[in-house]
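Chain and residue survey
Residues per chain are reported as follows:
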Amino acid sequence: MRAASRTPIGACVQTSDVVADAHPTAAIEVRDLVKQYNGRCVVDGLTFSVKPGEVFAILGPNGAGKTTTVEILEGYRTPDAGEVRVLGLDPVRQGTELKPRIGLMLQQGGLFPQITAREALRLFAAFYPDAEDPEALLDQLQIRDVARTRFRQLSGGQKQRLGLGLALVGRPRLVFLDEPTAAMDPQARRSTWNIIRSLRARGTTVLLTTHFMDEAEQLANRVAIVDHGRLVALDTPAGLRHAVANEIRFHTRPAIDEHEVATGLGLPRAKVERENDGTFVLHVEPTPDRIAELSSWLATQNVLLTELRAGSRSLEQAFLTLTADGEPSRPLPLGEGWGEGGV
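Residues numbered from 1 in each chain as written. Predicted model: local features only at pLDDT ≥ 70, side-chain atom pairs only at ≥ 80, totals over all residues. Heavy atoms only, no water.

Topic: the side chain of His 251
To keep it simple, the criterion reads: Helix and strand labels come from DSSP, where a helix needs a run of H or I of at least four residues and a strand needs a run of E of at least two; each type is numbered from the N terminus. Whether a residue is buried, partly exposed or exposed follows from its accessible area with a 1.4 Å probe, protein chains only, as a fraction of its type maximum: under 20%, in between, or over 50%, in that order. Within 3.5 Å is the distance limit for a polar contact, defined as a pair of N or O atoms, with the added protein rule that one can donate a hydrogen and the other accept it, and that residues adjacent in sequence qualify only through two side-chain atoms.
Mapping His 251 onto the fold places it in strand 10 (residues 248–253). On the basis of relative accessible area, His 251 is assigned to the buried category, the value being 19%. Among the polar contacts made by the side chain of His 251, one reaches the side chain of Thr 279 at a distance of 2.7 Å.

So, the confidence of the model for the protein
Which entries qualify depends on this criterion: Per residue, pLDDT captures the predictor's confidence, and it can take any value from 0 to 100. Here, residues are in contact when the closest pair of their heavy atoms is within 4.5 Å.
Predicted confidence across the protein gives a mean pLDDT of 87, with 86% of residues reaching 70 or more. The low-confidence segment residues 1–9 (pLDDT under 50) makes 27 contacts with residues lying over four places distant or belonging to another chain.

Observations concerning the packing of aromatic side chains
Test applied: Aromatic rings from Phe, Tyr and Trp, with only the six-membered ring used for Trp, were paired whenever their centres fell within 6.5 Å, and each pair was classed as stacked if the ring planes differed by under 30 degrees, edge-to-face if by over 60, and tilted otherwise. Any Lys NZ or Arg CZ found within 6 Å of a ring centre and within 35 degrees of that ring's normal is scored as a charge over the ring.
Summed over the entire model, instances satisfying the criterion amount to three aromatic pairs. Lying across the ring of Tyr 76, Lys 99 places its NZ or CZ 5.6 Å from the centre.

A word on helix 10 (residues 288–300)
Residues spaced three or four apart along an α-helix face the same direction, because each turn holds 3.6 residues. Formally: Expected helix span is taken as 1.5 Å per residue step, with the number of steps being one fewer than the number of residues. When we speak of the arc, we mean the arc of directions from the helix axis to the C-beta atoms.
For helix 10, with 13 residues, the first-to-last C-alpha span of 19 Å sits near the 18 Å given by 1.5 Å per residue. Where helix 10 is concerned, the buried positions are Leu 294, Trp 297 and Leu 298. All buried residues of helix 10 lie within an arc of 100° about the axis, which places them on one face of the element. Helix 10 presents Pro 288, Asp 289, Ala 299 and Thr 300 as exposed residues on the side facing more than 90 degrees away from its buried surface. The elements touched by buried residues of helix 10 are strand 10, helix 9 (258–265), strand 12 (280–282) and strand 13 (304–310). Among the residues trailing helix 10, Asn 302 stands out with phi positive, at a value near 60°.

Quick notes on the pattern of salt bridges
Put simply, the rule is: What counts as a salt bridge is simple: a side-chain nitrogen of Lys or Arg found within 4 Å of a carboxyl oxygen of Asp or Glu.
For the coordinates displayed, the defined rule picks out 23 salt bridges. A salt bridge links Arg 93 to Asp 90; the nearest nitrogen and oxygen atoms lie 3.3 Å apart. According to the relative accessible area criterion, Asp 90 is buried, its value standing at 11%. A salt bridge links Arg 309 to Glu 307, with the nearest nitrogen and oxygen atoms 3.9 Å apart. By relative accessible area, which is 35% here, Arg 309 ends up partly exposed. For Glu 307, a relative accessible area of 41% corresponds to the partly exposed category. The network of salt bridges with common partners includes Arg 118, Arg 122, Glu 135, Asp 139 and Arg 144.

A closer look at the sheet that holds strand 2 (residues 40–50)
What holds strands together in a sheet is hydrogen bonding between their backbones, with the strands either parallel or antiparallel. To be explicit about the condition: Strands qualify as paired when DSSP identifies two bridges or more between them. Every axis in this analysis is a line fitted to C-alpha atoms, fitted for helices over the stretch in contact. Angles between the N-to-C directions lie between 0 and 180 degrees.
Taken in spatial order, the three strands make up an open sheet running 2-1-4, and their pairing is antiparallel. The sheet is open, and its two edges are formed by strand 2 and strand 4 (81–86), each paired on a single side. Adjacent strand axes in the sheet meet at a mean angle of 25° when their direction is disregarded. Strands in contact with helix 1 (residues 66–74) are strand 1 (28–37), strand 2 and strand 4; relative to strand 1, the strand with the most contacts, it is inclined by about 120°.

Some details on helix 11 (residues 315–322)
Listed as buried for helix 11 are Leu 315, Ala 318, Phe 319, Thr 321 and Leu 322. One face of helix 11 carries all of its buried residues, which in axial projection span an arc of 160°. Buried residues along helix 11 sit in contact with strand 3 (55–59), helix 7 (213–219), strand 8 (222–227), strand 9 (230–235) and helix 8 (237–243).

Some thoughts on the sheet that holds strand 11 (residues 272–274)
If you walk across this open sheet you meet the four strands as 11-12-10-13, and the pairing is antiparallel. Sheet topology places strand 11 and strand 13 at the edges, where each strand pairs with a single neighbour. Each strand axis lies, on average, 25° off the axis of its neighbour in the sheet, ignoring direction.

A few points about unusual backbone geometry
The amide bond that connects Arg 253 to the next residue, Pro 254, takes the cis arrangement and shows omega of 0°. Tracing the backbone shows Pro 254 in the loop between strand 10 and helix 9. Look at Leu 87: it is not a glycine, yet its phi comes out positive at around 50°. Here Leu 87 lies in the loop between strand 4 and helix 2 (95–98). Positive phi, normally seen in glycine, also occurs at Glu 179, with a value near 50°. Structurally, Glu 179 can be placed in the loop between strand 6 (174–178) and helix 6 (186–201). By relative accessible area, Glu 179 is classed as buried at 11%.

Quick look at the packing of helix 3 (residues 117–125) against helix 5 (residues 156–168)
Selection criterion: Oblique is the label for any angle not covered by the other classes, which are roughly parallel (under 35 degrees), roughly antiparallel (over 145) and roughly perpendicular (65 to 115). In this scheme, a crossing is called left-handed if the near helix is turned counterclockwise away from the far one by less than a right angle; it is called right-handed if the turn is clockwise. For this scheme, ten residues count as nonpolar: Ala, Val, Leu, Ile, Met, Phe, Trp, Tyr, Cys and Pro. Four count as charged, namely Asp, Glu, Lys and Arg, and the remainder, Gly too, count as polar.
The geometry of helix 3 relative to helix 5 is characterised by a closest axis approach of 9 Å and an angle of 15° between their N-to-C directions. Taken together, the axis directions place helix 3 and helix 5 in an arrangement best described as roughly parallel. Every pair of crossing elements has a handedness; the one defined by helix 3 and helix 5 is right-handed. Where helix 3 approaches helix 5, its residues Ala 117, Ala 120, Leu 121 and Phe 124 are matched on the opposing element by Leu 162, Gly 165 and Leu 166. Grouping the constituent residues of the contact of helix 3 with helix 5 by class yields six nonpolar, one polar and no charged.

See below:
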């Protein structure tokens, strides 16, 4: 499925292997985006669109170009080539008009250490004509008990929840969430997920970057996977899982040899793998006929099939497959794209 690109890593080609259709009503439009630092290409021809009201996740290894891409969308960096529109505006040239319409949640808090959580929310609310009620946000974010606590004394998770509140206080049409649940305990993570779901329900567009695959799988309508600055896959979470799920995994009792399996099923030896825990992996399309053939052959060998899993992989497994080996991946075909994904 994967093939190393002939283009040297770090050299911009200014084209996108995965072509995402432009949509005139898109909340975000990115076409052939390129950004270089000291001759090194960190964003290499990205093209994608984000639909209004969807949660769109960008995943990628460290150094894949995610942060640079998001900073360009936010207007903090200027692209070297390509075109970017956020809510129909150029983030650099029309930043003054754009900024009141978006909310940003950053990894670094950037707040005065002595300010309290309540003071910070009230301060940011004063910047907007139709702001959320800061007191209501304290309850929604479950930080009322630390409302009078100074920022420097908040825990990492409490700072994250306050940062989310500051991103939402202006009732933005589009929210950029950078690792929104980092440093949160499981209960706070679930609460934050519910807030993000409520944003989607009321039509707010969310662009999410996260290293938690379960978070993207649960929340995102669509997921873009970026590797070495290039878009290698774009689909719903389910679509990505299925695209790399051409395998059958099973256990037997008693154990048998992988050479026997390959011979018995008429498969090339390279298509049969045995993992350290004894799991067999057949790298074939998991069709009903193939599964029936496996079960029938094992029965003729008087071998019990004790566990079987076909065509089901996690988003994390799909991500690792698409970004393995530190080389640019051959892109998957673009998914249908605008369907509902995640719940």
